[in-house]
Amino acid sequence: MPPPDRAGFVSSLTLPVCGDRLYNPPSREMREAVERSNAGVLGFLLQEVDLEAMPRPTDERLAAALAPLRIKLDMLIDMVARHAYRDVALPPLSAVELTPANVLWHSRQYWRCGDWLRLDLYFHPIFREPVCLLVSVTGCVEWEGEKGCRVHGDLVEMLESTSEKLTRLAFLTQRQQQTRQRQRTVVALEK
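The residue numbers shown here count from 1 along each chain, following its written sequence. It should be noted that, the model being predicted, local features are given only for residues of pLDDT at least 70 and side-chain atom pairs only at 80 or more, the latter also being counted only at that level, while totals for whole chains, interfaces and linings use all residues. Calculation of side-chain values draws on the structure's entire complement of heavy atoms; hydrogens and water are dropped beforehand.

Looking now at the nonpolar core. Put simply, a nonpolar core is a bunch of buried Ala, Val, Leu, Ile, Met, Phe, Trp, Tyr and Cys residues held in one set by side-chain atoms that sit within 4.5 Å of each other. We call a residue buried when its accessible area falls under 20% of the maximum for its residue type, exposed when it is over 50%, and partly exposed in between, using a 1.4 Å probe and counting protein chains only. In this structure, Trp105, Phe123 and Leu133 are the most contacted members of the largest nonpolar core, which totals 30 residues. Contributing elements (two or more residues each) for this core: strand 1 (11-22), helix 2 (28-53), strand 2 (93-98), strand 3 (102-107), strand 4 (116-121), strand 5 (131-142), strand 6 (149-155) and helix 4 (160-190). Starting at the N terminus, helices and strands are each numbered in turn, a helix being any DSSP run of H or I of at least four residues and a strand any DSSP run of E of at least two. For this core, the leading source of residues is strand 5, giving five residues. Core analysis: the second largest hydrophobic core is formed by five residues, Leu22, Val34, Cys132 and Leu134 among them.

See the structure below:
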């Protein structure tokens, strides 16, 4: 488990995950490029959340008048995103546990301790840009009766601002997934 000073919040998620082996530890240039990419992706993904959280005008007539415009803009954004990413296939879903210092996920491939990976996590089904984590594998246990392994890795340290955004996005995604699961359970019980 992570040291207490970097433990932070543990998010349990189900996300499309793709791991690619790095043949050397990540260079400073690679870490900087991943950091820049993650800043853009996290900023975009959290922008929608921030817009939802903004205070709304108290004028109900104005809000009602703007609602159709907002719906049309959302549809347009959705169509453009679907068109732009239609050829990008998402990797298989995996259970992921994420802290600011560690990641634990299920993989169909066995990874050795000491392997370096670039782990891509896809948080949005339409906007198919991954959040990239640079990981040093610290453990890999094969699951009996199932194909695959449970892999544990230490994350390469990120800028504090990036880590905070990733923690926020993971927390919000976890809440959304739990809400959807409860709704499915309620619907199944009602049938």
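Now that the structure is up, let's keep going.
So, about the packing of aromatic side chains. For Phe, Tyr and Trp, rings pair up if their centres lie within 6.5 Å, where Trp contributes its six-membered ring, and each pair is then called stacked (planes under 30 degrees apart), edge-to-face (over 60) or tilted (otherwise). In total, this model carries one aromatic pair according to the counting rule given. On the basis of an interplanar angle of 35° and a centroid distance of 4.2 Å, the ring pair of Phe44 and Phe127 is categorised as tilted. On the criterion of sequence distance, the pair formed by Phe44 in helix 2 and Phe127 in the loop between strand 4 and strand 5 is long-range, its members being 83 residues apart.

A few words now on the sheet that holds strand 4. Strand-to-strand pairing in sheets goes through backbone hydrogen bonds, with the strands running parallel or antiparallel. Pairing between strands is defined by DSSP: at least two bridges between the two strands are required. Taken in spatial order, the six strands of this closed barrel run 1-2-3-6-5-4, and their pairing is antiparallel. Between one strand axis and the next, the sheet turns by 45° as a mean value, whatever way the strands run. The sheet contact formed by strand 5 and strand 6 spans seven bridges and is antiparallel. For Val141, the partnering residue across the bridge sits in strand 6 and is Arg150. The axes used here are C-alpha line fits, helices contributing only the stretch in contact, and every angle between their N-to-C directions lies in the interval 0 to 180 degrees.

What follows concerns the confidence of the model for the protein. Detailed reading of the predicted model is not advised wherever pLDDT is low. Looking at the protein, pLDDT values average 85 and 90% of them are 70 or higher. Least confident of the elements in the protein is helix 1 (residues 4-7), whose mean pLDDT is 46; most confident is strand 4, at 96. Scored between 0 and 100, pLDDT is the confidence that the predictor attaches to each residue. Contacts were defined at the residue level, with two residues in contact if any of their heavy atoms lie within 4.5 Å. Confidence drops under a pLDDT of 50 for residues 1-6, and excluding neighbours within four residues, the segment shows nine contacts in the predicted structure.

The next subject is the pairing of strand 1. Summarising the sheet, strand 1 and strand 2 pair through six bridges and their orientation is antiparallel. Its bridge partner lying in strand 2, Ser12 is registered against Glu97. Note that strand 1 and strand 4 share six bridges and pair antiparallel. Paired with Leu22 across the bridge in strand 4 is Trp116.

On the surface, a cluster of nonpolar side chains totalling about 750 Å² of accessible area is made up of Leu62, Leu66, Leu69, Leu73, Leu76, Ile77, Met79 and Val80. Relative to the helices and strands, Leu66 is located in helix 3 (residues 60-84). Only residues whose relative accessible area exceeds 30% and that form no salt bridge are eligible for patches; like-charged ones are grouped when within 9 Å, while nonpolar side chains (Val, Leu, Ile, Met, Phe, Trp, Tyr) are grouped when within 5 Å. In this description, accessible areas are obtained by the Shrake-Rupley approach with a 1.4 Å probe, and a residue is regarded as covered only by the protein chains that are shown. Salt bridge, as used here: a side-chain nitrogen of Lys or Arg that lies within 4 Å of a carboxyl oxygen of Asp or Glu.

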